[in-house]
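# Observations on chain architecture
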Amino acid sequence: MSIVKDGREATMIGHRSDGTAIRRPLSPHLQVYDMLQMSSALSISHRITGVIWAIGLLFLVWWLVAAAAGPAAFAAAQWFFSSFLGVVLLLGLTAAAWFHTLNGVRHLAWDAGWGYEIPTMYRTGRAVLVGTAALTVLTWIVVLVAFF
Amino acid sequence: MAKELAERTTLRSPLGRVRGLGASKSGAHHWWLMRVTSVALLPLSIWLIFALAGLAGASHAEAAAFVGRPVNAVLLLAFLAAAFHHTAYGVQVIIEDYVRSEWGRIGGILAVKGLCALLWLAASLAVLRLAVGGVPAAAG
């Protein structure tokens, strides 16, 4: 098969059942979507932030088990969470958690049949992004007030 | 229009509806529990994020006392149950979407569910120890 010069050609590379390549149209996949548009970007972000939340749950388990284990274990956990790496990870986790929470509300609205119109979808998408930024800043103001 | 469609459309076949089963035998149950846990997690997550933010830099005694307070312990246990259920189901969907080999898919899903169950039990036991057993700092 020749070298692909046009990006759309990528959607024409199929395989026969014996594995040999053949040029024929395939159903649209990642190649034909602009991943920076609100709809697809926020969609995959919901999945990614869900996975980040899952990793964040590991932090929560560690923190709780350490608190139950005693002061020494708790000090080790606190040392990590207040280290540079720990703070960066928690900051990212905070943003991911708020995004997943707010975009989850959007998904529940869709499940109820509301918000499918394109202008509404873009408006709620922007609201989720603004809300994520605002709540992340608010959360870390609480962190700073509690810490100092 | 979209609202009417959502109200009228069902993804179940007539026979599946009669038997209470979809094509995958349990898809509607999975889908519904994902929504139920997400609704439960909405207020619980908001509470937990701000509660933990307020505990930044807390000493062991302060953190243990916070977790051990009955209202906090109950909300934490509820959060842990809903969160690990939601996580196990969510990661299951991701594995089903991206893992092509059947054994890899089944093995991956079972591993994730086992891990989620163990972590949920470990975290819940920690909360219960602090809530029922008292603060371990007093013992040493």
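What you are looking at is a predicted structure, and each value in this text was computed from that prediction instead of being measured.

Definitions and cut-offs
- Residues numbered from 1 in each chain as written.
- Chains lettered and ligands numbered in written order.
- Predicted model: local features only at pLDDT ≥ 70, side-chain atom pairs only at ≥ 80, totals over all residues.
- Helix = DSSP H or I, 4+ residues; strand = E, 2+ residues; numbered from the N terminus.
- Buried ≥ 20, exposed ≤ 12 C-beta atoms within 10 Å, placed from the backbone.
- Contact = placed C-beta atoms within 7 Å.
- Nonpolar A, V, L, I, M, F, W, Y, C, P; charged D, E, K, R; others polar.
- UniProt positions renumbered as here; feature names shortened; annotations may be inferred.
- Domains from an automatic or database assignment.
- Core = buried A, V, L, I, M, F, W, Y, C linked by C-beta atoms within 7 Å.

What chain B contains, in helices and strands, is six helices and zero strands. The proportion of buried residues among the 140 residues of chain B is 23%. Residue pairs at least 24 apart in sequence account for 71% of intrachain contacts in chain B once pairs closer than 6 positions are excluded.

Attention now goes to the overall build of chain A. When its secondary structure is counted, chain A shows four helices and two strands. Classification of the 148 residues of chain A by burial places 24% in the buried group. Taking the intrachain contacts of chain A between residues at least 6 apart in sequence as the baseline, contacts between residues at least 24 apart amount to 47%.

Of note, B:Ala78 is situated in helix α5 (residues 70-98). Taking C-alpha positions, B:Ala78 is 9.3 Å from B:Ser124, a pair spaced 46 residues apart along the chain.

Quick look at the environment of B:Val132 now. Residue and element names in this part refer to chain B. Mapping valine 132 onto the fold places it in helix α6 (residues 102-132). Given 10 C-beta atoms within 10 Å, valine 132 falls into the exposed group. Residues valine 132 and glycine 57 lie 75 residues apart in sequence; the distance between their C-alpha atoms is 24 Å.

The next point concerns the interface of chain B and chain A. Facing the 33 residues of chain B at the interface are 29 residues of chain A. Elements with a minimum of two residues in the side of chain B that touches chain A: α1 (2-8), α3 (27-54), α4 (60-68), α5 and α6 of chain B. With eight residues, α3(B) is the single largest residue contributor to the side of chain B that touches chain A. Taken together, the residues that form the side of chain B that touches chain A break down as 22 nonpolar, seven polar and four charged.

Residue and element names in this part refer to chain A. The feature "transmembrane region" (unreviewed entry), as annotated in UniProt, sits at residues 48-73, 79-99 and 127-147 in this numbering. With 96% helix and 0% strand, residues 48-73 has its two end C-alpha atoms placed 30 Å apart. The distance separating the terminal C-alpha atoms of residues 127-147 is 30 Å; by composition the span is 100% helix and 0% strand.

Moving on to the domain arrangement of chain A. What the domain assignment lists for chain A is domain 1 (1-32) and domain 2 (38-147). A C-alpha centroid distance of 38 Å is found between domain 1 of chain A and domain 2 of chain A.

So, about the nonpolar core. Nonpolar side chains tend toward joint burial in soluble globular proteins. Grouped together as the largest cluster of nonpolar side chains are 43 residues, with contacts concentrated most on A:Leu64, A:Ala67 and B:Val67. Elements with a minimum of two residues in this core: α1 (38-69), α2 (71-81), α3 (84-111) and α4 (118-147) of chain A together with α3, α4, α5 and α6 of chain B. In terms of residue count, α1(A) provides more of this core than any other element does, nine residues in total. In contact with B:Val67, other than residues within four places in its own chain, are A:Leu64, A:Ala67, B:Asn72, B:Ala73, B:Leu76, B:Val127, B:Leu130 and B:Ala131.

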